[in-house]
Amino acid sequence: MTAQTGDVAPAPALAVSVALERDGKYLLVLRANPPAQHMYAFPGGRVDPGEALEVAALRELEEETGLKASNPRPFMTFDLSSDDPGEVKRSDFFLTVFLADDPGGTAMALDDAKAVGWFTPEEIRELPVPQSMTSCMDMLAKALPAP
């Protein structure tokens, strides 16, 4: 319930993304559509009703890049809240980032991806990325051994 109107706030949508690493670089897509339009992020998107998070993560990766990864493992979940100062703070998305095994091959910009590329963590910090990407890169640097 929101304090101001008494309306029930909608439940946050579920979203997933895949942090795919190859030779010390991570695969990112340049988003063509909101949210995060014109920003780089891990390939991902919304979870369909009744769809398992792991299945959604691999589906979104394939839809956006053509790559068919395997062995998805949840890495971390972000509560992506509304930043509108006129609204009561609410979650818009719960985003779960997965790690997956690199299938090899060439990634292509498909679906709502304007471009794809492989970037080092240092390069990612210089790109226009959502705050969750910066936080995730910090956590990946602590959790994963250097290549």
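These lines cover the structure that appears in this document, whether it is placed above or below. (Residues numbered from 1 in each chain as written. Predicted model: local features only at pLDDT ≥ 70, side-chain atom pairs only at ≥ 80, totals over all residues. Heavy atoms only, no water.)

Relative to the helices and strands, R22 resides in strand β2 (residues 21–22). Considering only alpha carbons, one finds R22 and F119, 97 residues apart in sequence, at a separation of 9.4 Å. Residues contacting R22, with those up to four places away along its chain left out, are D102, G104, G105 and W118. Side-chain polar atoms of R22 contact the backbone oxygen of G104, separated by 3.5 Å. (Helix = DSSP H or I, 4+ residues; strand = E, 2+ residues; numbered from the N terminus. Contact = heavy atoms within 4.5 Å. Polar contact = N/O pair within 3.5 Å; in protein donor to acceptor, adjacent residues only side chain to side chain.)

Evaluated as defined, the whole model comprises ten salt bridges. For E62, the salt bridge goes to K68, with nearest N and O atoms at 3.7 Å. With relative accessibility at 33%, the residue E62 sits in the partly exposed group. Judged by its relative accessible area of 59%, K68 falls in the exposed class. (Salt bridge = Lys/Arg side-chain N within 4 Å of Asp/Glu carboxyl O. Buried < 20%, exposed > 50% of the residue type's maximum accessible area, 1.4 Å probe, protein only.)

Another aspect to go through is the packing of aromatic side chains. Evaluated as defined, the whole model comprises two aromatic pairs. Taken together, a centroid distance of 5.4 Å and an interplanar angle of 70° make the contact between Y40 and F119 edge-to-face. With a gap of 79 residues between them, Y40 in strand β4 (residues 40–41) and F119 in strand β8 (residues 113–119) connect regions that are remote in the sequence. Both residues of the pair, Y40 and F119, belong to the buried class. (Phe/Tyr/Trp six-rings, centres within 6.5 Å; stacked < 30°, edge-to-face > 60°.)

Within the element layout of this structure, R31 appears in strand β3 (residues 25–31). Among residues more than four places away in sequence, those in contact with R31 are A36, Q37, H38, M39, A41, F42, P43, G44, E64, D112 and K114.

What follows is about the layout of surface pockets. Over the atoms rolls a probe the size of a water molecule, and its path tells where empty space is left. Space inside the largest pocket adds up to approximately 710 Å³. Together, 32 residues line the largest pocket, and P35, A36, L80, F93 and L95 are the ones closest to its centre. With five residues, helix α3 (residues 131–143) is the largest single contributor of residues to the lining of the largest pocket. (1 Å grid on protein atoms, 1.4 Å probe; cavity = no way out; pocket = protein on both sides within 12 Å on 5 of 7 lines; lining within 4 Å. Points joined across faces, edges and corners; volume = space filled by probe spheres on them.)

Another point: unusual backbone geometry. With an omega of -10°, the peptide bond running from P34 to P35 counts as cis. Structurally, P35 is set in the loop between β3 and β4. In this model, N71 sits at a positive phi of 55°, which is unusual for a non-glycine residue. Looking at where N71 falls in the secondary structure, it is placed in strand β6 (residues 70–81).

We now examine the nonpolar core. Of all hydrophobic cores here, the largest spans 22 residues; its most connected members are L28, F42, I124, M133 and L140. Only β1 (13–19), β3, β4, β6, β7 (91–101) and α3 provide two or more residues apiece to this core. Discounting chain neighbours no more than four positions away, the residues touching M133 are L28, Y40, A41, F42 and I124. Counting 13 residues, the second-largest nonpolar core is a separate cluster that includes V47, A56, A57 and L61. (Core = buried A, V, L, I, M, F, W, Y, C linked by side-chain atoms within 4.5 Å.)

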